[in-house]
Amino acid sequence: MSSSSGPIAVVTGGAGFIGSHLTDRLIELGHRVVVLDDFRTGKRANLARWLTPEHGFGGASPALELVTCDVSHGIFAALAPITAKYGRVERIAHLAAQVSVVSSVANPLVDMSVNYGGTLHVLEYARAMGVAKVAFASSAAVYGDVSEMPVGEDTPTRPVSPYGIDKLASELALDYYANVHGVPATALRFFNVYGPRQDPSSPYSGVISIFADRARAGRTLTIFGDGQQTRDFVYVGDVVRGLVAALGDGNSRTVANVGTGGEITVTELARTLVELCGGKSAIEYAPQRAGEILRSRARVDRLREAFGVVAETRLVDGLRATIA
Ligand code: NAD
Ligand code: UD1
C-alpha cells in the first residue's frame, strides 16, 4: 500500500468501533485515510487521536480526512473534493453498516438500503474509479443456524435474518464486480467482535459492551434465551490485522472467516465478566430474541493460510482490556 503522501485509503464506517481501530492502524502504517461516515452510530471522539483541538474535532490531522456522507447515497460527489486534492482512491475498506441483527428484523428495508445498497454504491465507485482493492466487512450471520461446528467458508449459507441476507447479497455483489468488472475484492466474515470503543448505549449493542458496562456498575445482566447459545468472540485488534491483510494486493474473490476458532456460551461469558468486575451483578433471563443463531464458532484455517493472520488475543485478556 501507499504512504500518506500517495493515493488514499477510504474507510467507510471509520468513525465506528472497528473502523476507528482500522483507521488508527492504517495511519500508523503511513497511509492517508479518508473516513467516510454519516455518524449515525460512529463518533468523532473515536478518532480523537488524529483530530487536533483547534479543529474542534471537526477537521483532521494531515493523515486523516473526514467525509460526512451516507454510504448508500452520493459517495461520488462526497469524495470528489478529496480526490481533486490528493489523487485517486486506491483502496476501500467498507465497514459502514447497520450492525444490529435485531434492528434488521424490525426494519428490513433500512437494512437492505444501507447494508446491501451501501455495498453497491461502494462497488460502483470502485468500478468507475479503478480502485485497486475493496475489503468488505461481512458477517458470520451469513451462515444462519449450522449444526456442524466449527463452520467453514464452504458451509452452505442460509441466513436467518435480514442482516445476514444483506451481508450475503453484498458478498455476491463483490463476486459479480470482481468477475464481470475486474474489481479486486475480498470479504471477511467477522464473528463476534469486541473491544474498547464498542458502544454499549443501545439495547442492540454488542453483548460484551453491554455486559461489561453493567457489570462495572454492579447492575443486572439480562441473558436472552437459556444462555446456552455460543459465540466466537474475536478481539478488535485481531480483526484489524485481518482487514489490513485483506486490503493488500491478492486474495481477490477470497471469502474468509475472522474468528478465534473457539466458542463460549453467553451464560459463561456473563459469569466471567461479573467475576472480572468484582462479582456484584445479578444475572437474569429473558425470552430469546428473533433471528438468533444458536451456535457460532469459526473455522480459521483460511484466515491463517491466505492472510497469515491468527487471532491470538485470549478472551480473558481482551475482556480485561475492554473493561479497562
Ligand atoms: P459501528 O456501529 O460501531 O460502526 C458502523 C459505522 O458505520 C458507524 O460509524 C456508523 O456511523 C457508520 N454508518 C452506518 N450507516 C452508515 C451510512 N448509511 N453511511 C455512512 N456511515 C454509516 O459497528 P462495528 O461493530 O464497528 O461494525 C463495523 C462493520 O463490521 C459493520 O459492517 C458490521 O456489520 C460488521 N460486523 C461487525 C461485527 C461485530 O461483532 N461488531 C461482526 C460482524 C460484522
Ligand atoms: C453480532 C453483531 C453482528 C455480527 C454478528 C456476527 C453487534 C451488535 N452484532 O450479532 O453485527 O454480524 O455478531 O456473528 O455487534 N445477548 C444477551 N443479552 C444482551 C445482549 C445480547 O443475552 O444484553 C445475547 C444475544 O441474544 C446473543 C448474544 O448475546 O445470543 C450475542 O448478541 P449480540 O452481541 O447482539 O450479537 P449477535 O446477534 O451475535
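Coordinates for the structure precede this section.
Residues numbered from 1 in each chain as written. Chains lettered and ligands numbered in written order. Predicted model: local features only at pLDDT ≥ 70, side-chain atom pairs only at ≥ 80, totals over all residues. Heavy atoms only, no water.

A. Spatial organisation of the site of ligand 2. Close to ligand 2 lie 23 residues; Ser 139, Val 207, Arg 231, Arg 289 and Glu 292 are nearest. A distance of 2.7 Å separates an oxygen atom of ligand 2 from a polar backbone atom of Val 207. Between an oxygen atom of ligand 2 and a side-chain N or O atom of Arg 231, the distance comes to 2.7 Å. Taken by itself ligand 2 offers 740 Å² of open surface, and the protein chains cover 91% of this. Secondary structure elements with two or more residues in the shell around ligand 2: helix 6 (207-216) and strand 8 (221-224). Across the shell around ligand 2, the residue classes break down as 13 nonpolar, 7 polar and 3 charged. (Near = heavy atom within 4 Å. Polar contact = N/O pair within 3.5 Å; in protein donor to acceptor, adjacent residues only side chain to side chain. Areas by Shrake-Rupley, 256 points an atom, 1.4 Å probe, with all protein chains shown as cover. Helix = DSSP H or I, 4+ residues; strand = E, 2+ residues; numbered from the N terminus. Nonpolar A, V, L, I, M, F, W, Y, C, P; charged D, E, K, R; others polar.)

B. Region of interest: the site of ligand 1. In the vicinity of ligand 1 lie 29 residues, with Asp 37, Thr 41, Val 71, Leu 95 and Tyr 163 positioned nearest. Here a nitrogen atom of ligand 1 and a side-chain polar atom of Arg 40 are 3.0 Å apart. Between ligand 1 and Tyr 163, the relevant distance is 2.6 Å, taken from an oxygen atom to a side-chain nitrogen or oxygen of the residue. The protein chains hide 93% of the 820 Å² of surface that ligand 1 would expose on its own. Elements represented by at least two residues in the shell around ligand 1 include exactly helix 1 (17-28), strand 5 (133-139), helix 5 (162-181) and strand 7 (192-194). Tallied by class, residues from the shell around ligand 1 come to 16 nonpolar, 8 polar and 5 charged.

C. Molecular detail of the pattern of salt bridges. Inspection of every chain in the model, using the stated rule, returns 21 salt bridges. A salt bridge links Arg 241 to Glu 312; the nearest nitrogen and oxygen atoms lie 3.8 Å apart. On the criterion of sequence distance, the pair formed by Arg 241 in helix 7 (residues 236-247) and Glu 312 in the loop between helix 9 (301-307) and helix 10 (315-323) is long-range, its members being 71 residues apart. Judged by its relative accessible area of 30%, Arg 241 is partly exposed. (Salt bridge = Lys/Arg side-chain N within 4 Å of Asp/Glu carboxyl O. Buried < 20%, exposed > 50% of the residue type's maximum accessible area, 1.4 Å probe, protein only.)

D. Representation of the packing of helix 1 against helix 7 within the structure. One can describe the packing of helix 1 onto helix 7 by two numbers: an axis separation of 9 Å at closest approach and a directional angle of 60°. On the basis of the axis angle, helix 1 is oblique to helix 7. Here helix 1 runs over helix 7; the crossing is right-handed. Contact with helix 1, carried on its side by Phe 17, Ile 18, His 21, Leu 22, Arg 25 and Leu 26, involves Val 236, Val 239, Val 240, Leu 243, Val 244 and Leu 247 of helix 7 and no other residues of that element. (Axes fitted to C-alpha atoms, helices over the stretch in contact; angles between N-to-C directions. Parallel < 35°, antiparallel > 145°, perpendicular 65-115°, else oblique. Left-handed = near helix turned anticlockwise from the far one by under 90°. Contact = heavy atoms within 4.5 Å.)

E. Molecular detail of the packing of helix 6 against helix 8 (residues 266-276). As a packed pair, helix 6 and helix 8 sit with axes 9 Å apart at the nearest point and diverge in direction by 35°. As helix 6 runs across helix 8, the sense of the crossing is right-handed. Residues Val 207, Ile 208, Phe 211, Ala 212 and Ala 215 of helix 6 form the contact with helix 8, whose own contacting residues are Val 266, Leu 269, Ala 270, Leu 273 and Val 274. Broken down by class, the residue content of the contact of helix 6 with helix 8 amounts to 10 nonpolar, no polar and no charged.

F. Layout of the side chain of Asp 37. Within the fold, Asp 37 resides in strand 2 (residues 33-37). It is Arg 40 that comes nearest to the buried, bridge-free Asp 37 among opposite-charge side chains, at 7.0 Å. Among the polar contacts listed, one links the side chain of Asp 37 to the backbone nitrogen of Gly 14, at a separation of 3.4 Å. In this structure the side chain of Asp 37 is engaged in a polar contact, spanning 3.0 Å, whose partner is the backbone nitrogen of Ala 15. (Lys, Arg positive; Asp, Glu negative; His and termini not counted.)

It is worth stressing that arrangement in space is one thing and function is another; only the former is reported here.
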